[in-house]
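One-letter residues, chain by chain:
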Amino acid sequence: MERRPRRPPLAATLLSTAMFLRCATAFRPPAAARAPTRLRASSSEAAAPVARRTVTRRILSGVQPTGSIHLGNYLGAIKQWVDLQDSLSVPLVRTEVNEKTGAATEVTEVTENFYCVVDLHAITAQPHDPSALLESTRASAALYLAAGIDPARSTVFVQSHVPAHSELAWLLNCVTPMNWLERMIQYKEKSAKQGDGVGVGLFDYPVLMAADILLYGADRVPVGEDQRQHLELTRDIARRFNDQYCKGNPYKKRCKAAGLPSRPVLTEPEAMIVKEGARVMSLTDGHAKMSKSDPSDASRLNILDPPDLLRKKIGRCKTDSMAGIAWDDPDRPEAVNLLNIYAAVQPDRSRESIADEVRDLNWGAFKPLLADAVVAHLEPLQQRYREVREDPTYLDGVLAEGASAAEEVAGKTLHAARTAMGFAPRT
Ligand code: ADP
Ligand code: TRP
């Protein structure tokens with residue numbers, strides 16, 4: 001199979017944009033863009049567009065390459081990335097009409113996707129195993145590709161290959177109050193587990209995550225529910241940075257000298273938290289989230305577990321002793337979780353059809369159905385994963401090209417942040 005990393009050639013991008021412009025439909029723009037204008041309801045209502053503008057929106061996310069990626073990571077994060085990439089790969093076009101002048105502007109919204117393997121985050125679990133880091137980094141990247149992230153439409157890269165992440169994290173450290181980080185739930189939980197030797201890196205982890213996001217001006221960040229607090233922190237850090245360093249005449253002067261526009265450097269991101277698969281729970285405790293850090297491997301379904309092991313884990317997973325299998329009973333967390341998984345791996349089926357199918361089943365009859373559905377969903381992904389791993393040149397090429405593309409964007413933000421903070425320009 002011939003697979004080469006590729007970006008869409010410019011001509012192809014322009015062609016698809018042009019083709020799309022012809023069949024454009026209006027859609028709901030972001031609030032900021034909506035404010036001074038109204039959307040044209042139908043093409044006959046207002047004058048033909050007199051101006052055109054392109055808006056670039058960016059999506060960024062990442063998963064730590066620690067341990068093996070499980071069904072929670074896949075359904076809560078990676079699968080959402082693929083769905084977003086697929087649904088937003090064609091530019092969206094809308095027409096905005098200025099209420100005062102009646103002038104119409106055709107706005108083309110292009111979405112760029114950045115998906116990184118956050119290996120710098122992986123070393124916050126102290127001490128990490130250096131010989132495992134390389135393999136888990138490559139395995140994670142290969143899984144992104146196997147799950148459907150397409151390097152022609154998304155930039156796939158390794159965080160530590162783009163040094164701007166560490167550098168911006170340091171700059172942001174200096175604008176982030178300690179007590180903002182002390183409030184982080186994930187830090188409290190993980191540091192309690194790590195005890196006295198807990199590293200500064202674990203405490204500082206959310207600032208590095210903020211740097212990951214802010215370097216790309218990402219306005220949307222698809223993550224699982226547990227990352228909401230980190231996203232809010234990222235917004236607070238961006239606002240504080242912009243307030244402290246991106247205002248007033250001295251800032252304008254610095255920007256002018258550096259040939260940069262004097263707008264706020266950092267963009268506040270929004271979390272995109274999906275309902276379905278947002279929280280996959282442990283197989284051994286319906287109250288705990290499925291996690292790489294659970295010491296028991298029986299608590300999770302790893303994406304790369306062989307079919308026999310997946311069946312075995314499902315066969316042994318915790319259930320309850322009530323009759324029938326119901327979805328909406330909060331007193332039955334295991335039933336809710338297993339049904340959520342059953343539905344998530346059969347995306348073409350409705351909730352009703354699943355509820356009808358399982359209502360009168362007992363666990364002994366349901367578990368094999370669940371195991372079959374999980375295995376059927378994961379097998380093609382596992383096959384693609386093997387293909388990617390058998391072709392290291394391809395994987396290296398994707399990551400090298402991804403790092404260069406990421407660096408280009410990240411370098412611009414870092415330069416603007418350095419300018420805002422008043423660092424001496426490098427001559
Ligand atoms: P883990 O807790 O397994 O170490 P990470 O913290 O690396 O997972 O999370 C990686 C991504 O996967 C994040 O976007 C996170 O929200 C999502 N995620 C992690 N665990 C789950 C889960 N059990 N259910 C849904 N999403 C999850
Ligand atoms: N902190 C995230 C997690 O544990 C991983 C992560 C690091 C991330 N940087 C990010 C997620 C940037 C989204 C965007 O899951």
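Keep in mind that what you see is a predicted model, and the values were worked out from it rather than measured.

Cut-offs applied
Residues numbered from 1 in each chain as written. Chains lettered and ligands numbered in written order. Predicted model: local features only at pLDDT ≥ 70, side-chain atom pairs only at ≥ 80, totals over all residues. Helix = DSSP H or I, 4+ residues; strand = E, 2+ residues; numbered from the N terminus. Buried ≥ 20, exposed ≤ 12 C-beta atoms within 10 Å, placed from the backbone. Contact = placed C-beta atoms within 7 Å. Axes fitted to C-alpha atoms, helices over the stretch in contact; angles between N-to-C directions. Left-handed = near helix turned anticlockwise from the far one by under 90°. Nonpolar A, V, L, I, M, F, W, Y, C, P; charged D, E, K, R; others polar. Near = placed C-beta within 6 Å. Pairing = 2+ DSSP bridges. Core = buried A, V, L, I, M, F, W, Y, C linked by C-beta atoms within 7 Å. Domains from an automatic or database assignment. pLDDT = per-residue confidence, 0-100. Arc of directions from axis to C-beta.

Enquirer: Tell me what's going on with the overall build of the protein, and back it up with residues and numbers.
Expert: What the protein contains, in helices and strands, is 16 helices and 7 strands. Counting across all 427 residues of the protein, residues that qualify as buried make up 34%. Of all intrachain contacts in the protein linking residues separated by at least 6 positions in sequence, the fraction that spans at least 24 positions is 79%.

Enquirer: Tell me about the packing of helix α12 (residues 307–316) against helix α15 (residues 363–389), and please be specific about residues and values.
Expert: Working note: a packed helix pair is described by the angle between its axes plus the distance between those axes. Relative to each other, α12 and α15 sit at 150°, their axes nearing to 9 Å. When the axes of α12 and α15 are compared, the crossing they make is right-handed. Together, P307, L310, R311, I314 and G315 of α12 and K367, L370, A371, V374, V375 and E379 of α15 make up the contact between the two elements. Here the residues of the contact of α12 with α15 sort into 7 nonpolar, 1 polar and 3 charged.

Enquirer: Run through the site of ligand 1, naming residues and quoting values.
Expert: Contacts to ligand 1 come from 20 residues, most closely from G72, G76, V223, G224 and K292. Of all the elements, helix α3 (residues 71–87) adds the most residues to the shell around ligand 1, at 5 residues. A per-class count over the shell around ligand 1 returns 7 nonpolar, 9 polar and 4 charged.

Enquirer: Describe in detail the site of ligand 2, supporting the description with residues and values.
Expert: Near ligand 2 there are 14 residues, and of these S61, G62, V118, M209 and D212 occur at the shortest range. Residue assignment for the shell around ligand 2 shows that the elements contributing at least two residues are β2 (51–63), α9 (200–214) and β6 (220–223). Considering every element that reaches the shell around ligand 2, the biggest residue donor is β2, with 4 residues. Of the residues in the shell around ligand 2, the class split is 7 nonpolar, 6 polar and 1 charged.

Enquirer: Describe the pairing of strand β5 (residues 154–158), listing the residues and the values that go with them.
Expert: The buried count for β5 comes to 5 of 5 residues, which makes it a mostly enclosed element. Where strand β4 (residues 104–117) lies against β5, 5 bridges are found, and the strand directions are parallel. Of the residues in β5, the one forming a bridge with V117 is V158.

Enquirer: I'd love a proper account of the environment of Y245, names of residues and values included.
Expert: Looking at the element boundaries, Y245 is found in helix α10 (residues 228–245). Since 21 C-beta atoms lie within 10 Å of it, Y245 is described here as buried. Taking C-alpha positions, Y245 is 5.5 Å from A420, a pair spaced 175 residues apart along the chain.

Enquirer: Give me the nonpolar core: which residues, what numbers.
Expert: If you look at the biggest cluster of nonpolar residues, it comprises 92 residues, and the most contacted ones within it are L145, V156, L168, A211 and V374. Of all the elements, helix α16 (residues 392–421) adds the most residues to this core, at 11 residues. Each of domain 1 (60–88 + 112–277 + 394–421) and domain 2 (297–389) contributes no fewer than three residues to this core. Each residue touching L168, except ones within four places of it in the same chain, is listed here: A211, L214, L215, L414 and A417.

Enquirer: An account of the pairing of strand β3 (residues 92–98) is needed here, citing residue identities and associated values.
Expert: Two strands pair when backbone bridges link them, and β3 and β4 are joined in this way by 6 bridges, in the antiparallel orientation. Within the sheet, the bridge partner assigned to T95 lies in β4 and is E106. Between β3 and β4, which pair antiparallel one after the other, the connecting turn spans 5 residues, and G102 there sits at a positive phi close to 75°.

Enquirer: Provide a residue-level description of helix α11 (residues 248–258), including the pertinent values.
Expert: Within α11, only 1 of the 11 residues are buried, which leaves the element largely exposed. Of the residues trailing α11, G259 is marked for its positive phi of about 70°.

Enquirer: How would you sum up the confidence of the model for the protein? Please name residues and give values.
Expert: Taken over all residues, the pLDDT of the protein has a mean of 87, while the share at 70 or more is 88%. Note that residues 4–44 has pLDDT below 50 and, in this model, 42 contacts with residues that lie over four places away or in other chains.

Enquirer: With reference to specific residues and values, describe the environment of K313.
Expert: Mapping K313 onto the fold places it in helix α12. Exposure remark for K313: the 20 C-beta atoms within 10 Å place this residue in the buried category. As for K313 and D297, which are separated by 16 residues in sequence, their C-alpha atoms are 9.0 Å apart. Excluding residues that lie within four positions of it along the chain, K313 makes contacts with L283, A298 and L301.

Enquirer: Would you mind going over α12 in detail, with residue names and values included?
Expert: Residues of α12 that are buried include every one of L310, K313 and I314, and no others. The buried residues of α12 occupy an angular sector of 95° when the element is viewed end-on, so they sit on one face. Those residues of α12 that are exposed and angled more than 90 degrees off the buried face are D308 and R316. Among the structural elements, α15 are those in contact with the buried residues of α12.

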